[in-house]
Structures are given as structure tokens and as C-alpha cells.
Amino acid sequence: MKMSLTSAALALGTLALGCGGRPDVWSRPASANAYGLSNAVVLHDVNAQRVVALTASGDGALSASSFGTGTDVVATAVDSAGARLFLLSAGHRAMLGDTQKNEAPALMVVDGSAAAATTRTIDLGGVLSDPLDGLALDPTGRWAVLYASGVHGGAFVTNPNELVVVDLTAADGAPVSVSLHSFGGRPEKLVFAPELSLPGGKTHLLIVESEQDLSLLELDHPDRAEITVRLADAAAATTPQPAEIVVDDGDPARTDDARIGLRFVNDTSVMTLQLEPSSGANGYTPTPNVTDVGGVPSAIAFVRTDGGLRLAALVPGHDSAVLVDPATTLTTTVALPADYRSISLVTPSDAASTTSSADTALLWNGDAGQAGVAFWELGQAAGRPFRSLETVAITERVTSVLDVAKTNTTSKVLSTGAAGVFYVLDLAQRTATPLLTAATNVSLVVSPTGTRVWTFAPGQSDLATTDIATKHVRTLHLDAAVTGVFEIGNGGGGRTLVALHALGGLGATTLDATNPDEDHRKIFGALLTEGTP
Amino acid sequence: MTKPTAMERAGIAGALVLVLSCAASSENSPAGSTGFGGTFGSGNGSADQPSFGGTTGAGGATASSGGSVGSGGAPLPPEQEVESTYEVPVATGHFVWTANATSGRIAYVDATALTVRTVEAGDGPGAMAVVPGTADAVVVLNTLSNDATYLQASGTTLTSRTFSDVAPGSNVWAVSPDGRFAIAWTDARQIANAPSTQGFHEVTIIDLKAAATDAGTKTLAVGYRPASFAFSADSKKAYAVTEDGVSVLSLATEAVVSTVALGADGVTTDVEDTRDVSITPDGRLAVVRRDGSADVRVVDLDAGTHTTLTLSGPVTDVDVSNDGARGVAVARDTGDVAVFTLAGTAPTTATHVAAPTGTIVGQVSLTGSGTTAVLYSNAVASERIVVLTLGAGAPALHIVKLHAAVLSAFPTPDGKFAVVLHPADAPPNAQPTAGAADGGAADAGVVAAAPLPAAVAFSLAPLDGTQPPRIEMADGPIRAVAVSPMSDAALVTVRDDAKAIYGTYLGVFPSLEVKHAPLSSPPIATGVVGGAKRGYVAQQHPDGRITFISLDSGDARTLTGYELGARVVDWSQP
């Protein structure tokens, strides 16, 4: 989780003292972006070109470690495990008479998975003369891919189809520059496919989406030429623009049935690409299939039914979902009780041990006032292409579904945006417990352990923790407005809540996350001004 | 046989394909006939032999004699053959080829790997034909640019050559057995309301193996409105069956060398009925049948002479074996089945056998091997087919009883099985329609072809009679049948636009197992790619759609948007 903090109080103070021979950084407002890692809260102090890693002891005391970053950090990202923070810096080109040393682009990794934060830096000077400003991380944690996002402006000449693949398992990152073949498009989105069983073995694909084609690059062999799937040719009047990409490995025992599914903006067709054996160096080739689903779909997902794999497409405006058999392109329309726009798979993890191999999907983001969420069991019953469709009557429109990890994986937290209520959804019992909030526009943070959800309203000093299992709520009153909440592991093996405040040079309050007690809170100030805590 | 079958029109190698037209074919109906029937009523025959077509008028031929089941004096409607109404994809040994007239591209699908590639053809590619030989090759007519493109695939490599100056309006191909010559010609029957002053005489001979410096094309004029083409076995001559007779073309000199009349008196001015002319594969003999005539005329195309075989009644169908060794003619009204040899010379005699009692045989379909023929009639609701065995001894007949009326039958090439199509059950109290369709008096003696009822069921019938046929109700009207060249399977394709029901049934021989594969869009063509052991069903879809059916497992695999598939670029490939 990233939060941006600026201390107005500190700014005033530093402005008053902002003269003399100190570096300019001390004359700028203290500001930082905050990131929660497994065992640390990392503050990225942009102006000071450093990160400050806060770790907690068993009693909630914070320790700070400061690490310098490269010059001109253009992109940051936290890996999916929440263990590492990545900072991509553009570096600096020293000119004649420049007091600042020449510095190559670099990728800095802050590892917050251990009791003490550590860092490493991967020098990209060997592959980049000018920095790329986009950073994408493979969910498996093995690769980082740098690309030209265009947000920070480009170099004198930029090849937008150039990617740099960094192998994070290699000591030096083994960065490899890849220039994708292009028919005029430029990358707009990068999608990391899960590990796929392809004819050439287990493969990790990077799917690069441009406005007119897809490129499939093997991360395991970035030096191997990619495969391009043109979505339209020069004669086409319109070019379908990808809106969502989903991937399925198919039968793990087979190497010819992995598939990529796509839906498009303002297009009623969905496409599947089956990755089949080929004599090329890649060993596979995508075979496209398109199927009209009767309306512009709002979401797609690969699902398993009693009849095999299907691509499910939600079609707003028709109160229906369409199941597409990717092998035959046959479609089956399923009437839904509401106009759901989003779908999440919530198949129990022990589904493999049950008699049915069919998935269960959660449908949400339906029409206001009627939709709630629905459980869609994709087995087959007599006369209909699903086993059951059960609605949980939530009157508010669900705007996001938060996953719950580890201890309560059979639960989801449903956010309703500014509605002043959120729900804890029990997937097993098919119940939804409403939790009302006095404030609207609250932020929800699910603890990494999955045991609780933290609720706060940015700018207010109230904080609440809700036990996901028991739905017991405990409200806490802190001494300052909360701008960010992070739950991290502490040095005593327990859990510590770190609530950040945008005052006093950035401050924090720590609480025992498992048994929060205001009486035992610890307050820290001036986190960015050295000396504290 | 060289009669223009649906298979030849489609150019589908090794597969027997028939696409059933919605409307009745009037191929064998008398010219100028009027009135329509159209009920399954009991007609004038027995109640269990209702007429498919109904009758008009009175008098005329009867269907009673020679051991056949009669109808008591009322004339039966003509036999109706069913033929293709679609331009279809074609299949070579390993690929299915299909033209997109709009995009100007030819997509060719590897039926084993199911990979799709496309190639630019000329302007408005349309009719396509397989070029015989060891390679996967086709020739396609580009109707807007009046040229032709020859394409040959080998693995992932494709070679092509364009031949210009093809006669404008050409819409059909004929290709010589050796794959060297292709003839583009115009089938007038595919042109609506063509005035009689349009003769469609022009045909273009293309030498597909011509040197690069040679244009390779030569346009000639043949007789009035050619109806079919045939080639001599050595590919040195081509024969155009026209309304003026058979135009004989020398492919070596690219010239018309003679025109042989087919009329009864041998005079070219005789009014020719060219709609049932079969030419033996060696190009030597033409076998001619005319509606209402008891004669089968065999014309020696080299000598210009002819012999006549006379049956005991009007000949309703004649067929010639693929090897050209023999022919079979049937006279439905008298139940006369005539078997004659065609070994290089025009026959003067035939062996006659009588259709078994209780059967009516108006059509004959010889199997590929030429040793078995299936005889049946779709002019009456007969639940029987008659199998004619042509061994070394005397021809033998036996009955295969089915469980529904017969519309048509498609024997496997080995002659061991047949796919038989059936209509829905007859309405219980249906009556025959009498009088002309316009309500006026019917023309005496005229029996018109009525629209055939749709086939809604099919049987897989062992022809040796050792195993009862299996009947299967389809979920919609049957539109096409394709029989595997290996004789081990058949595809029966269903299309019901009103109910949006589309699918194909895989029938497996000898187990008679039937598997159903629904389709997601209307089928337009069905075939079998023998080299891949897969059947295919091409379907209507703006991006192109084809479903492949494994003949072993029945598993279906659909490719949609195969022009999209051709836009996949593997940069690792050279």
C-alpha cells in the first residue's frame, strides 16, 4: 500500500530555517510516499533521495533505517508478496562543471521481509542510456520489467517498444533489453501470465498490450523473439482495443491447451488464443477464436464448469452472462438476477476434493439498489447450465472486493465506496455482515494475516479494527489525523499497527495489532528528520 | 462417372459431399411442367406409399408393373436429384481452403495442426477447385479481375501463380486428372434469368504447368451453354457437354476438334437434353438419358457413333462407375434395372433384373468401387432401399428395410454402408394435391417436381443386410452429408435458421455410433479431409468459421476469425 504524506508543520519550520550552507533538501517540505512491506513501513523521501524503513519491536517501538536512492526516482512498486519495494531511478548525466556525479539508471530493491530492512541496487547503465519510466513486477517475484510509460517525459529519442527484463534472482539482475516488433503500436499495458505448461515446458509469458496488437514474450528466454498477434490489419475500419486480458493454463497435464482470453472496448466479441505446439523457436503459436456474446462485455473470466473450461463474459444491459466454450465457440446464455459488471472466482480451495470440479464465481458491481452480490455455481443441473445462482441481498453497489489471505480465505471484504457501509462476506455461509461507518469515504485495509480489517477515514483520528471471523469491532481514538495504516510483523513475532500522521515531520502511532489498546499506544514524531524515533 | 456431381462442383478431394438445397431441384423435371403437389398424402397408390411430390393432371405413366408397387394409374412425379447450391471450401490432402471475396484473401487451414494462414488472391476470389496430384494445390477464379490464381502449399511454404485473361463471367472449374489443365467455364444454371441469347460459349483453358514466359491461358468457344466437363484419362482431351452436343477439346493444341451430337438421330440440330449425361473416365463414351425416354444412348465420342439400350419403361436414372467399367440404368415405372458394361466400347446389350416385389426404384447410386449400387425412389414414401450387387456373376438384388421413407442415399466408397436421409412422418390424413397449382386445369400427362420435404432423420445402413440399420432423429433439417473416403465415417449437418439450430452428426462405421456436435453458426459446407482424419463444417461468420470434427473421437474444434489467425506473427520463425 502506498500513501503520500506531507508535513505542513514541518514545512513551515524548515522554511524558517532554510538558509545557510545545508543541502537544499532541508529547505523543502518533508514529504514521503509510504509503502507497507511484510515487516516494515518504508517512507520514500523524494526530496532527500532516500527511503526510511520503519521496523517495530515487540513492544511497538519503531526503529528507522535510512537508505539513499538513486537520482530522480521515476517509478516505484511493491511486489505481490508485500516483501519488497522497487524504486526505478533515472540517474543523472553529469555535464561539464556539474557538481553532481554522473549516475546510471538503477533499480533499487528494499527488502522488508526480514526483521531488519536491507537494500540492493541493480545497475542498468549497461542496457539503458536513457531511463525508462515504467516499472512492472511479475507476481511470482522473479522478474521486473521496465518500459516507457511516457509519464515522466522521454529522452531525446525513445523507443516505446523497448523493454528491459530484469531477473531478480540474478545477483546483477542480468538486465536484457528487448525491442518488440511493432506495426505502429506502442505498449499500453503489461500482463504477467501465470506459469503455463506450453510445448516447450513451463513458461512465464509477458503479454504486452498495445492499441492494435498483443506481443507474447517469454520471460524465461527474453532473448527469444516474441510472437505478435495483430488484432486488425491495415484494411480494417476499426481496431479492437483490448480492455481485459485473462489467462488459463488448462489441464496441467497438457501442453497444448493454455489460453489467453480478451475482451475489447466497445466490441461485442471476445477472443481466445489457444497456445498450441509450433515448429518455431518459441515452440507454440496462438490460435485465435472470436465469439460474439451479444453485447459489450464488462468482465471476463475463465471458469470451470461440469462441461469443461469456459470463458464467462458478463454482458451489462442484458442481465446475463455468456459462457463460451473456447474449443467450439458455442455459447450458453445464463440469465442473471441483476446487471452485474464484475466477476471474481471464489471457488473453495478444497474444491478439488469435492465431487464437482466446477468453479464458483462471485458476481458484483451490479445495478444500484437491487444487485448485491451473487454466488454463481458453475456446475450443471438438469435443464440449466449452472447449479445454482444465489443472491446475497446487499442494497449498496459493491465497488470493490478485497481478498482476505491466510486465516480467513473464505471471507471477502466488500467495499461500497462512499456509501458508509462495508461488508464482510462469508463465502462458506453465503452471508454478508454489514459494518456501518460514521464517516463516508473510508479506507479499508485487510491485514496480511487475514484476521482483521482496519478502517479509517483519511484526515480523521478514528480507527477501527474488525475481526473478520467474529465481526467484533473495536474503535480506537488516536491523537492525530490518520493518513495511512499499515500492519506489519514486529521483532517479537507479533503484529504491530503503524498509523501515520502528517504532522511533526511525519509521525506515527503504533499499536498492538492483535489486541489494540490505546493505553499502550506509542507515538513517534519527526520520522523524516533524523534523530527519531 | 463424370456426371457433374456435387462432389465435383465442390472439388472436395476424397470426400463425398452433398449439400441439400431448400428448394426442389428440377433437374429431371420435364421442361414446361406446371403445377405443384406437396403433400405426403396417400396419393393414388397404397396408403403406405404416399407420394412426396403430389401429382397433377391425369393419365401418363403409371407406376405399376414389373413387380413394383403400383399406384393405380396415376403418374408419379419425377425423381429428384439433390445438388449443391453453395460455393464451398475445398479440401486437399491436408488443408481446407476457403475464399473471402470481400477481403480478396484465401485462407488455408492445416487440418492436422489447425493452423491458419492466408494469402492474397486476385480481385473477388470465388470458385475454387482442387488440383489433383501429390501436392496440396488449388486454383481459384478471381471474378472481378478476370484472372485465376494457382496456389500450392507444402508445409509452411506456399507458392502461387496468377493467370490472366480468363473468360469474364466464368464461375466453375474443371481440372484434368493429371492436374495440368484447368478449364474455367460458365454454368448458366448459376445465373438467374439469363436470356436465351446468352450462350456462355467461352471457356478458358489454363495450362497450370506452363512456362513462366507463357501466359498459359487460351479461351475457346464451345457449344451452347455447357453443363459439365470431363477429361480423357490421359488428360489430352476435354469434353464439354453442351446443349449442342459434346464439344471435344484438344488440350495439346488448345482447340475444339469436334462436336458430337447426342440426339436420337445424331443430328446436332436435335433438341438436346444435356442434364443427364455421364462421360466415362477415359473420355471415350457418353451415356445419355432423357426424361420420358426408355432409351439409354451410349455415344462414342471419338467415332461419333452411338448405340442404344432400351429399357421396358422411361429411364429415370443412370449412373456410371468411377472406373467407367459399367453403368446401371433404372426404369422406375416398370421396375427394370439394366446393367451394362462400358469397357472401351459402346454396349449393345444389357443385363436386366427386376426390382424386388414391393419396391420402387427410380434412382441409382453406384459406389466408388462400382461393385455395389443403391437403388431407391424419393417419388414415393418408400421405406426400403434396394442393394444391387455387381460381382463376377449375375447381378443380385436384395432389400434393406428402413424405418422411414427414403429421400436420398449416400453409399460409402467401399459399398458396405450407406447414409439414408428421411423426411418427417407423413401427416396422418394428408391427401394428394390434384390440379394445377394455379387452380386451373392441369396439363394432361404432366407430372411436376414438387419441393422435396426436408430431411429430418437419417439412417446408417449396412448394405449387406447382416445388421439392421440405425435411425437417428436430427434436431433440425439436414442440409449436407459428407462421407469419409475411408468409408469409416460420415457427417450429417443440420441447419434450422428459424430456430437457430445448427449442428453436425458424426456417424461411425461399422459401429453405427452417432455423436452430435452442436455448431454456433449456420453451416454452409461439409466435407472430410482424409489425410487428417477430420471432417469439417464451414459456417457463416463475418470473420470466417470452421469446425473440425475428429473422425476418431468426435471431438469438435472450432476456428473462428481465421483471417485473424493469419495475423499471428512468430518473429522467431524465419
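Engineer: Explain the confidence of the model for chain B to me, and be specific about the residues and the numbers.
Structural biologist: Residues and elements named next belong to chain B. Residue-level pLDDT values for chain B average 79, and 77% of them are 70 or greater. Taken as a whole, residues 1-73 scores under 50 in pLDDT and shows 254 contacts with residues more than four places along the chain or in a different chain. Note that residues 427-447 has pLDDT below 50 and, in this model, 41 contacts with residues that lie over four places away or in other chains. Predicted as a complex, the structure gets a pTM of 0.72 and an ipTM equal to 0.77.

Engineer: I'd love a proper account of the interface of chain A and chain B, names of residues and values included.
Structural biologist: Residue-level contacts link 31 residues of chain A with 24 residues of chain B. Here chain A and chain B share 1 salt bridge between them. When the shortest N-O distance is used, the salt bridge between B:Arg557 and A:Glu276 registers 2.9 Å. Inspection of the chain A/chain B interface yields 12 residue pairs in polar contact (both at pLDDT 80 or more). Counting residues per element, the ones that place at least two in the side of chain A that touches chain B are β19 (227-230), β22 (269-277) and β23 (284-292) of chain A. Of all the elements, β23(A) adds the most residues to the side of chain A that touches chain B, at 8 residues. Among the residues making up the side of chain A that touches chain B, the classes are represented as 14 nonpolar, 13 polar and 4 charged. Sheet topology note: the β19(A)/strand β42 (residues 568-570) of chain B ladder contains 3 bridges and is antiparallel. Note on β42(B): the bridge partner recorded for A:Thr228 is B:Val569.

Engineer: A description of the sheet that holds strand β32 (residues 400-403) of chain A should follow, citing residues and the corresponding values.
Structural biologist: Residues and elements named next belong to chain A. If you walk across this open sheet you meet the 4 strands as β32-β33-β34-β35, and the pairing is antiparallel. Lying at the two open borders of the sheet, with one neighbouring strand each, are β32 and β35 (431-436). Neighbour to neighbour, the strand axes of the sheet diverge by 25° on average, direction disregarded. For β32 and strand β33 (residues 411-415), the ladder comprises 4 bridges, and the chain directions are antiparallel. Along β33, the bridge assignment pairs Ser400 with Ser415.

Engineer: Describe the environment of A:Ala104, naming the residues involved and giving the relevant values.
Structural biologist: Residues and elements named next belong to chain A. Its location among the elements puts Ala104 in the loop between β7 (84-89) and β8 (106-111). On a C-alpha basis, the gap between Ala104 and Thr71 in space is 9.0 Å, while along the polypeptide they are 33 residues apart. For Ala104, the residues in contact, after removing those within four places along its chain, are Ala90, Gly91, Asp123 and Gly125.

Engineer: An account of the side chain of B:Ser176 is needed here, citing residue identities and associated values.
Structural biologist: All names here are of chain B. Mapping Ser176 onto the fold places it in the loop between β10 (172-175) and β11 (181-185). Taking the relative accessible area as the measure of exposure, Ser176 reaches 0% and is therefore buried. Within the structure, Ser176 has its side chain in polar contact with the side chain of Asp178 (distance 2.6 Å). Discounting residues that sit within four places of it in the chain, Ser176 has contacts with Pro132, Phe181, Phe231 and Ser235.

Engineer: I'd like a rundown of the sheet that holds strand β13 (residues 217-221) of chain B, residues and numbers included.
Structural biologist: Residues and elements named next belong to chain B. The strand order across the open sheet built from 4 strands is β10-β11-β12-β13, with neighbouring strands paired in antiparallel fashion. Because the sheet does not close on itself, it has two edges, and the strands there are β10 and β13. Direction aside, the axes of adjacent strands within the sheet are offset by 25° on average. Across 4 bridges, the pairing between β10 and β11 is antiparallel. Looking at β11, one finds that Ala174 is bridged to Ile183.

Engineer: Describe in detail the side chain of A:Thr285, supporting the description with residues and values.
Structural biologist: Tracing the backbone through its elements, the reader meets A:Thr285 in strand β23. If near-sequence neighbours (up to four positions away) are discounted, A:Thr285 is found in contact with A:Ile227, A:Gln274, A:Leu275, A:Glu276, A:Pro277, A:Ser278, B:Thr115 and B:Val568.

So, how was this worked out
Residues numbered from 1 in each chain as written. Chains lettered and ligands numbered in written order. Predicted model: local features only at pLDDT ≥ 70, side-chain atom pairs only at ≥ 80, totals over all residues. Heavy atoms only, no water. pLDDT = per-residue confidence, 0-100. Contact = heavy atoms within 4.5 Å. Salt bridge = Lys/Arg side-chain N within 4 Å of Asp/Glu carboxyl O. Polar contact = N/O pair within 3.5 Å; in protein donor to acceptor, adjacent residues only side chain to side chain. Helix = DSSP H or I, 4+ residues; strand = E, 2+ residues; numbered from the N terminus. Nonpolar A, V, L, I, M, F, W, Y, C, P; charged D, E, K, R; others polar. Pairing = 2+ DSSP bridges. Axes fitted to C-alpha atoms, helices over the stretch in contact; angles between N-to-C directions. Buried < 20%, exposed > 50% of the residue type's maximum accessible area, 1.4 Å probe, protein only.

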